[in-house]
Amino acid sequence: MCPTEPSPTPASGAEQAEVSNERAGAPVAVVLGASRGLGFLVARELLTRGHHVVVAARDVDEVDAAAQALREWGPVTAERCDVRDRHEVGELVGRVEHGVGPIEVLVTVAGVIQSVPAESLVLQEFEDAMDTMAWGPIHAAMTVLPHMRRRGRGRIGTVTSIGGMVSPPHLLPYATAKFAAVGFSDGLAAALSGTGITATTIVPGLMRTGGHVHARFGGDPAAEYAWFATVASLPVVSVDADRAARRIVDAVLAGRPMIVLTPLAWLGIRVRGLAPATTTRMMGLMGRLLPDAPARAGARTVDGAQARRRLGSPIVDRLTTLGDRAARRNRG
Ligand SMILES: NC(=O)c1ccc[n+]([C@@H]2O[C@H](COP(=O)([O-])OP(=O)(O)OC[C@H]3O[C@@H](n4cnc5c(N)ncnc54)[C@H](OP(=O)(O)O)[C@@H]3O)[C@@H](O)[C@H]2O)c1
């Protein structure tokens, strides 16, 4: 069902026509949240393993442009879909099952990140996070499962986060949603035991996807951006996203129940397992080092590009060089 050998170079010119023809019966993979960043790289990786990949996200122009870029590697179908809306997810799955082919692989990557001190949070931020990163994977998996059950096979991957195992400071809505996603995906993997269908819980630590450009920043947005974008771009602390995408696709196709993607994430999970209360106190201390909420903070968050302009710091620009480079490469 799932070819596994990666072929790192894209097909080009006349070879591309051959790729499309050769792949007439290619297994179909759907990647939700694939217009940039990690989802884009996961889609590319699935193409190199011989899949026909359906890429989806909310911004139709961005998803079309991503599909265009990915066609170098094989057959791609672009779809608009908001994972927060179960009807849209249902319609997408129906269109793919009837128009493209049976869905063999589903990977839900879609995510939003808001870096905001707890005092400046509003309920809307929790709703956005929960709808996207808790309900999104549930909508996707529960919609595709009846089709996979009929066939007695399928691979489901859910990108969660180390933030779903240890709750980091200033990321409360994110952690709330990711803890839910871990619970759902892990329980699903157990529930599917013996069915021929597998669910993989993907637990990345920080990766250089370029996601800091689209993350939302609140409280003192410029100061939030300064710490978050820097940490997300530093070597050792954050890992190369291309390699992460390869390992994710390996794990999903192999039907592994869980994959933890960075050494720091691995360590964080073990420390919390051994000493949960101490870990929470450590997170509290880390939080005290992060920017305070200003007394008159507005409730609005701004995206990374705006926060960076407000900050205007050549030093932070220098420290985020690797992250910015990743953003350019991964359509961020
Ligand atoms: N970057 C990291 O260090 C890191 C670490 C751990 C976990 N993760 C997780 O990895 C995933 C990808 O992160 P990233 O850094 O690549 O983020 P990113 O660059 O912001 O990409 C997010 C993707 O999800 C799509 N998306 C967002 N909301 C959506 C919705 N409601 N419906 C459909 N698509 C939606 C976006 O497109 P549209 O906005 O057009 O919809 C975009 O294609 C996220 O789940 C994130 O939490 C990332």
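Here the structure is a predicted model, which is why all the values come from computation and not from measurement.

Asker: Is there a simple way to explain the site of the ligand in this structure?
Answerer: Near the ligand there are 28 residues, and of these S35, R58, V109, Y174 and T209 occur at the shortest range. Take R58: an N or O atom from its side chain is 2.8 Å from an oxygen atom of the ligand. Between M207 and the ligand, the recorded distance is 2.8 Å, taken from a backbone N or O atom to an oxygen atom. Within the complex, the protein chains bury 92% of what would otherwise be the 890 Å² of accessible surface of the ligand. Mapped onto the shell around the ligand, the elements with two or more residues apiece are α2 (37-48) and α6 (172-191).

Asker: Got a minute to help me understand the sheet that holds strand β9 (residues 216-217) in this structure?
Answerer: Read from one edge to the other, the open sheet built from 3 strands follows the order β5-β9-β12, with strand pairing classed as mixed. In this open sheet, the two edge strands, each paired with only one partner strand, are β5 (114-115) and β12 (302-303). Pairing of β5 with β9 involves 2 bridges; the strand directions are parallel. Across the sheet, residue Q114 finds its bridge partner in β9, namely R216.

Asker: So what exactly am I meant to see when it comes to the nonpolar core here?
Answerer: One recurring pattern in soluble globular proteins is that nonpolar side chains are buried together. The biggest cluster of nonpolar side chains holds 36 residues, and the ones touching the most others in it are V42, L46, V55 and V107. Taken together, the elements giving at least two residues each to this core come down to β1 (28-32), α2, β2 (52-57), α3 (60-70), β4 (103-108) and α8 (241-254). Among the elements that take part in this core, α8 stands out by supplying 8 residues, more than any other. With residues up to four places along the chain from it excluded, the contact list for V55 reads V31, A34, A43, V63, A67, L70, V76, T77, A78 and E79. Counting 26 residues, the second-largest nonpolar core is a separate cluster that includes A140, V144, L145 and L192.

Asker: Please explain the pairing of strand β6 (residues 154-159) as it appears in this structure.
Answerer: The side chains of a regular strand alternate, residue by residue, between the two faces of the sheet. Most of β6 sits inside the fold, with 6 of its 6 residues counted as buried. Alternating positions in β6 separate into two faces, G154, I156 and T158 on one and R155, G157 and V159 on the other, with burial throughout. Relative to β6, β4 is paired through 4 bridges, and the arrangement is parallel. If you follow L106 over to β6, its bridge partner there is I156.

Asker: Can you walk me through unusual backbone geometry in this structure?
Answerer: With a phi angle near 65°, H170 is a residue other than glycine that sits in the positive phi range. Within the element layout of this structure, H170 appears in the loop between β6 and α6. H170 sits in the buried class, given a relative accessible area of 12%. The phi angle at V236 is positive, at roughly 75°, despite the residue not being glycine.

Asker: Help me understand the sheet that holds β2, please; the structure alone is not making it clear to me.
Answerer: As a general point, the strands of a sheet are linked pairwise by backbone hydrogen bonds and lie either parallel or antiparallel. As summarised here, the arrangement of the 7 strands in space is β3-β2-β1-β4-β6-β7-β11, forming an open sheet in which the pairing is parallel. Edge positions in the sheet fall to β3 (76-80) and β11 (258-260), since each of these pairs with one other strand and no more. Strand-to-strand twist across the sheet, computed as the mean angle between neighbouring axes with direction ignored, equals 15°. As defined by bridge partners, β1 adjoins β2 across 5 bridges and the pair is classed as parallel. Within β2, the position partnered with V30 by the bridge is V54. Against the sheet, α3 contacts β2 and β3, and its axis sits at roughly 170° relative to β3. Against the sheet, helix α5 (residues 123-151) makes contact with β1, β4, β6 and β7 (197-203), and its axis sits at roughly 165° relative to β4, the strand it touches most.

How each quantity is defined
- Residues numbered from 1 in each chain as written.
- Predicted model: local features only at pLDDT ≥ 70, side-chain atom pairs only at ≥ 80, totals over all residues.
- Heavy atoms only, no water.
- Near = heavy atom within 4 Å.
- Polar contact = N/O pair within 3.5 Å; in protein donor to acceptor, adjacent residues only side chain to side chain.
- Areas by Shrake-Rupley, 256 points an atom, 1.4 Å probe, with all protein chains shown as cover.
- Helix = DSSP H or I, 4+ residues; strand = E, 2+ residues; numbered from the N terminus.
- Pairing = 2+ DSSP bridges.
- Core = buried A, V, L, I, M, F, W, Y, C linked by side-chain atoms within 4.5 Å.
- Buried < 20%, exposed > 50% of the residue type's maximum accessible area, 1.4 Å probe, protein only.
- Contact = heavy atoms within 4.5 Å.
- Axes fitted to C-alpha atoms, helices over the stretch in contact; angles between N-to-C directions.

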